[in-house]
Amino acid sequence: MAMYKCIGCGAALQSEDKTQPGFVPANRMQDEDVICQRCFRLKNYNETPDVMMESGEFMTMLNSIFEKDGIVLKIIDVFDFKGSLIPSFNRIVGNKRVIAVINKVDLLPKSTNMNRVISRAKKMLADEGITAHETITISAIKGHNLKALLDIVSKESKGQDIYIVGTTNVGKSTLINKLIEDSTGEKDVITTSNIPGTTLGLIDIPISETQSFIDTPGVVVDSQMTHFISPKDLKVIMPKKEIKPKNFQLNEGQTLFISSLARVDFVKGERSSFTVYASDKLKIHRTKTETATDFYSKHYDTLLAPPEIESPILIEDTDIFSFRTTERSDILISGLTFVSIDEGVEVDVTVPKGVEVSLRPSVF
Ligand code: GDP
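Residues numbered from 1 in each chain as written. Predicted model: local features only at pLDDT ≥ 70, side-chain atom pairs only at ≥ 80, totals over all residues. Heavy atoms only, no water.

## Quick look at the confidence of the model for the chain
Here's step 1: Predicted confidence across the chain gives a mean pLDDT of 86, with 88% of residues reaching 70 or more.
Here's step 2: Long-range and interchain partners of residues 188-199, a stretch whose pLDDT sits below 50, account for 28 contacts in this model, where long-range means more than four residues apart. (pLDDT = per-residue confidence, 0-100. Contact = heavy atoms within 4.5 Å.)

Dropping the structure here:
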């Protein structure tokens, strides 16, 4: 059989695997001037496709940006700090200035201390060896603080290009569309280089004669809870509006299930409040630790659903994180929830293997 190539990127066309370069639905294969689905999305929707971190494309992306001049907007999902980190991020940065942009703050309760959110983000980045020149909280969806962001961008970029970098789902596309609208006054800007020369799409969105926003592919990282559930259920676990915290007074020897996806055991300590910040669609269930495993095996797909999972993912292949708090703290379960707990509490947190769990001083 003759091998056809995408006229956009040159990848060999195939209809078997959507995640691989050159994918085109079988019924389009015979079309004239056929382009692969990635190039189609780039061309028509200004959308950069995601890249898997272990892929060669990811390395190509790192290398292609490293030497360029410009500044980097690093987008962080306030609801998923750890899942927002890109391994090897410093390879992208090179000598560029980094502006940390903490997105989705509309999800946090209004009373949240934003200065604390900013200082925790700075600390997390510093722990990864990244110095953010400026850090700002925004809501791309609500347009909150975008004017301030554009002011920072114009001050820091000094006419150079602005690379927009983030893991998948942090809100990169939403932000870019808003920024284009705000900086050019146009709603549907057509990109100039929408068919890239390689399989990797960096989209160039000019905002002046000499300066562009450069949209980079979203990086898929393994620590996100999203790997364990379907795209449909992802909508369930991602909060859509300002989170209403749920408060539980627990004694040691009690366990909270955060739907079927995580389990928090109160191992030791005085009676304490556990405040759960999560999508209101998720069921939070309190039970006794000694019977928790049994309870979970029986009810993971009934009382603890949605999301619908195929097997009890908290029984085998799990990671257990143990913490003891020395001040009021938030347990962060990547992409799922934060749970605020008091000082002097010992907890074990069980999650499917690979999901990140960490502790930080509380922002609430
Ligand atoms: P990308 O993969 O980084 O390009 O992320 P998207 O822009 O596609 O956004 C991922 C999800 O986050 C979508 O469901 C968006 O509606 C949502 N999202 C993006 N920005 C915000 C925001 O500022 N607030 C809230 N609540 N959701 C957001």
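## What to know about helix α4 (residues 114-127)
Because each turn of an α-helix spans 3.6 residues, side chains separated by three or four positions in sequence point in the same direction.
Here's step 1: In a regular helix each residue adds 1.5 Å, so 14 residues correspond to 20 Å; α4 covers 20 Å between its end C-alpha atoms and thus fits that length.
Here's step 2: Looking at α4, one finds that the buried residues are Val-117, Ile-118, Arg-120, Ala-121, Met-124 and Leu-125. End-on view of α4: buried residues confined to an arc of 165 degrees, all on one side of the axis. Pointing more than 90 degrees away from the buried face of α4 are the exposed residues Asn-115, Lys-123 and Asp-127.
Here's step 3: On its buried face, α4 is in contact with β2 (71-77), β3 (97-103), β4 (134-137) and β18 (357-361).
Here's step 4: The backbone nitrogen of Asn-115 lies 3.0 Å from a side-chain oxygen of the residue at the head of α4, namely Asn-113. (Helix = DSSP H or I, 4+ residues; strand = E, 2+ residues; numbered from the N terminus. Expected span 1.5 Å × (residues − 1). Buried < 20%, exposed > 50% of the residue type's maximum accessible area, 1.4 Å probe, protein only. Arc of directions from axis to C-beta. Polar contact = N/O pair within 3.5 Å; in protein donor to acceptor, adjacent residues only side chain to side chain.)

## So, empty space enclosed by the protein
Here's step 1: Throughout the structure, instances matching the rule amount to two cavities of 30 Å³ or more.
Here's step 2: Each pocket or cavity is described by its volume, and for the largest cavity that value is around 40 Å³.
Here's step 3: Lining of the largest cavity is provided by Phe-79, Asp-80, Phe-81, Lys-82, Leu-332, Ile-333, Ser-334, Thr-337 and Phe-338.
Here's step 4: Residues belonging to the lining of the largest cavity are distributed by class as follows: five nonpolar, two polar and two charged.
Here's step 5: The two domains that each donate at least three residues to the lining of the largest cavity are domain 2 (46-220) and domain 3 (227-361).
Here's step 6: For the second largest cavity, the calculated volume is near 30 Å³.
Here's step 7: Lining the second largest cavity are Val-78, Phe-81, Leu-108, Val-117, Phe-338, Arg-360 and Val-363.
Here's step 8: For the lining of the second largest cavity, a count of residues per class yields six nonpolar, no polar and one charged. (1 Å grid on protein atoms, 1.4 Å probe; cavity = no way out; pocket = protein on both sides within 12 Å on 5 of 7 lines; lining within 4 Å. Points joined across faces, edges and corners; volume = space filled by probe spheres on them. Nonpolar A, V, L, I, M, F, W, Y, C, P; charged D, E, K, R; others polar. Domains from an automatic or database assignment.)

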